[in-house]
Amino acid sequence: PEAAEFLDRNLAADGLIMLKISGLAGARNVTAVSSIAEAQAYVEQYEDDMAVLFQKKLDLSQFTEMTVDLFVSDTDVKIANFRQILFAGGLWVGNFVPRQSKLTAEQEAQLIKVGEYARHHGLGDPEGNNCGIDFFVGPKGEIIVTEINVRWTGGLFPTEAIKIINGGTTDAVVCFDIVPVDQAGAYLDFVEANLPRQSEGPFSCISLGFSPFVQVMNDAPHIFVWHLVLGDFAAFHAAKTAQLSAGVLPTTDLIQLPD
């Protein structure tokens, strides 16, 4: 009854509420529902002891989803990095890491308070821990926190790598993508030719890692890659399109960068 009342009271203009199976990662456990019956049908695929969270659906033309990593120690809470969520086909595929934070001082202070809240509940030690916060920024600059992840996050390693590579002096995109197994050599040659400090072009790129599991898609074996592009993303996309087959890094064809 409590969940049904929440749905009735908070259904968005398009008649949807967000349902999340708490504790799972990568947006695959989040869906929109329009009734308690639809919600019950969805959660049947999960274990009975998993927590179900309902949230009011936001108008994404008015709100921007972002992530920040906080460094939290016994004595300090500070922002380690900032990035914007990237979606393709409705699923999270990676992050846009701007060379300069787009947060105001007031917004940063609010996020640091979230880190202080996490520390109050036990996070923190002399060496420090990571605390990832997923949040939305609204049309008036308001912040709506949706997740507090007291752990290493998917974007932490790439953003720290960017700092080492070029000090965060360029915009960057990091995303999961796929490469046909028979095109892996061509992909690696492309990366090799465009490595940071080696390429003199408007962009550089790095392969941060491969999945050890082969996935068959359209009757062909593929591997997942974790791909980082620094600098001019449009120039990267043009070079990729000209030099590699259409099946290599297809997700990058769908990514639209924020203004």
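Above this text you will find the structure in question.
Quick caveat: nothing in here was measured; it's all calculated off a predicted structure. (Residues numbered from 1 in each chain as written. Predicted model: local features only at pLDDT ≥ 70, side-chain atom pairs only at ≥ 80, totals over all residues. Heavy atoms only, no water.)

A word on the packing of aromatic side chains. Summed over all chains, the structure comprises six aromatic pairs. Taken together, a centroid distance of 6.4 Å and an interplanar angle of 25° make the contact between F190 and F203 stacked. Here the residue F190 occupies a position in helix α5 (residues 184-193), and F203 occupies one in strand β10 (residues 203-210), the gap between them amounting to 13 residues. F203 shares its class with F190; the two are buried. Put simply, the rings of F190, F203, F233 and F236 touch in pairs and so form one group of aromatic residues. A cation over a ring is seen here: K78 above F71, with NZ or CZ 5.4 Å from the ring centre. (Phe/Tyr/Trp six-rings, centres within 6.5 Å; stacked < 30°, edge-to-face > 60°. Helix = DSSP H or I, 4+ residues; strand = E, 2+ residues; numbered from the N terminus. Buried < 20%, exposed > 50% of the residue type's maximum accessible area, 1.4 Å probe, protein only. Lys NZ or Arg CZ within 6 Å of the ring centre and 35° of its normal.)

So, about the environment of G201. With respect to the helices, strands and loops of the structure, G201 is situated in the loop between α5 and β10. Residue class for G201 comes out partly exposed when judged on its relative accessible area of 43%. Along the chain, G201 and V173 lie 28 residues apart, while their C-alpha atoms are 16 Å from each other.

Moving on to the sheet that holds strand β3 (residues 52-56). Taken in spatial order, the three strands line up as β2-β1-β3 in an open sheet, and their pairing is antiparallel. Two strands close off the open sheet at either side, each with one partner strand: β2 (30-33) and β3. Between one strand axis and the next, the sheet turns by 30° as a mean value, whatever way the strands run. Relative to β2, strand β1 (residues 17-21) runs antiparallel, the two being bridged by four bridges. From the neighbouring strand, L19 faces β2, where its bridge partner is T31. Of the strands in this sheet, β1, β2 and β3 touch helix α1 (residues 2-10), which is tilted by about 15° from β3. (Pairing = 2+ DSSP bridges. Axes fitted to C-alpha atoms, helices over the stretch in contact; angles between N-to-C directions. Contact = heavy atoms within 4.5 Å.)

With that settled, the discussion passes to the pattern of salt bridges. Counted under the stated rule, the structure contains six salt bridges. Salt-bridge contacts for K240 lead to D253; the nearest nitrogen and oxygen are separated by 2.7 Å. Taken together, the residues K240 in helix α6 (residues 233-243) and D253 in the segment after α6 connect sequence positions 13 residues apart. (Salt bridge = Lys/Arg side-chain N within 4 Å of Asp/Glu carboxyl O.)

Our focus in this paragraph is α6. For α6, the full list of buried residues reads F233, A235, F236, A239 and K240. Seen end-on, α6 carries its buried residues on one side only, within an arc spanning 155°. Along α6, exposed side chains directed more than 90 degrees from the buried face belong to A234 and A242. As for α6, its buried residues are in contact with β9 (172-180), α5, β10 and β12 (220-231). (Arc of directions from axis to C-beta.)

Look at R197: it is not a glycine, yet its phi comes out positive at around 70°. Summarising the element assignment, R197 is placed in the loop between α5 and β10. For R197, a relative accessible area of 72% puts it in the exposed group. Even without a glycine there, the phi angle at N218 is positive, about 55°. Position of N218 among the secondary structure elements: in the loop between β11 (215-217) and β12. With a relative accessible area of 80%, N218 lands in the exposed category.

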